[in-house]
Amino acid sequence: MAFVRAAKLDAVPPGTMREVSIAGTSVAIANVSGKVRAFNNICLHEGGPLCEGTLTGQNVVCPWHAWEYDVETGKIVGNSEIGVEIYPVEVRDGDIFVDID
Ligand code: FES
């Protein structure tokens, strides 16, 4: 798959996240101080929706049991062995594009 339009940049202001579905995959889009990041929205613990958690700096805390992920790497904070998949992002003309392959 190639890059697909996922959301308007205006819909994800700095410090916020939103969930989009791309080809059946739940993807979280986060705006970290103007840098847009995309990662799999499903927590590795018990499937909590990460985009409904708390974004602090570049870390997101799962809303269900507080596992914490670095959205730059997808890795769990304090455990670089495991993490959620991160996806390439491009911002073009006010639109966010994500490639989930
Ligand atoms: S489901 Fe995310 S921490 Fe438990």
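Preceding this section is the structure that the text describes.
Residues numbered from 1 in each chain as written. Predicted model: local features only at pLDDT ≥ 70, side-chain atom pairs only at ≥ 80, totals over all residues.

1. Things to note about the sheet that holds strand E11 (residues 89-92)
Then, number 1: With antiparallel pairing, 3 strands are arranged side by side in an open sheet as E1-E12-E11. Of all the strands in the sheet, the pair left with one neighbour each is strand E1 (4-8) and E11. In this sheet, adjacent strand axes meet at a mean angle of 35° when their direction is disregarded.
Then, number 2: Note: E1 against strand E12 (residues 95-98), 4 bridges, orientation antiparallel. Within E12, the position partnered with Lys8 by the bridge is Asp95. (Pairing = 2+ DSSP bridges. Helix = DSSP H or I, 4+ residues; strand = E, 2+ residues; numbered from the N terminus. Axes fitted to C-alpha atoms, helices over the stretch in contact; angles between N-to-C directions.)

2. Overview of the nonpolar core
Then, number 1: Counting 22 residues, the largest nonpolar core has Val27, Ala28 and Ile29 as its most contacted members.
Then, number 2: Listing elements by their share of this core, those giving two or more residues are strand E2 (17-22), strand E3 (25-32), strand E4 (35-40) and E12.
Then, number 3: The contacts of Ile29, once residues within four sequence positions are left out, are Ala6, Ala7, Val12, Met17, Arg18, Val20, Val36, Ala38 and Ile96. (Core = buried A, V, L, I, M, F, W, Y, C linked by C-beta atoms within 7 Å. Buried ≥ 20, exposed ≤ 12 C-beta atoms within 10 Å, placed from the backbone. Contact = placed C-beta atoms within 7 Å.)

3. Some thoughts on the sheet that holds strand E10 (residues 86-87)
Then, number 1: Pairing in this open sheet of 4 strands is antiparallel, and the strands run E2-E3-E4-E10 from one edge to the other. Two strands bound the open sheet, and with one partner strand each, they are E2 and E10.
Then, number 2: Two elements, E4 and E10, share 2 bridges in a ladder whose sense is antiparallel. By the bridge assignment, Phe39 is partnered in E10 with Ile86.

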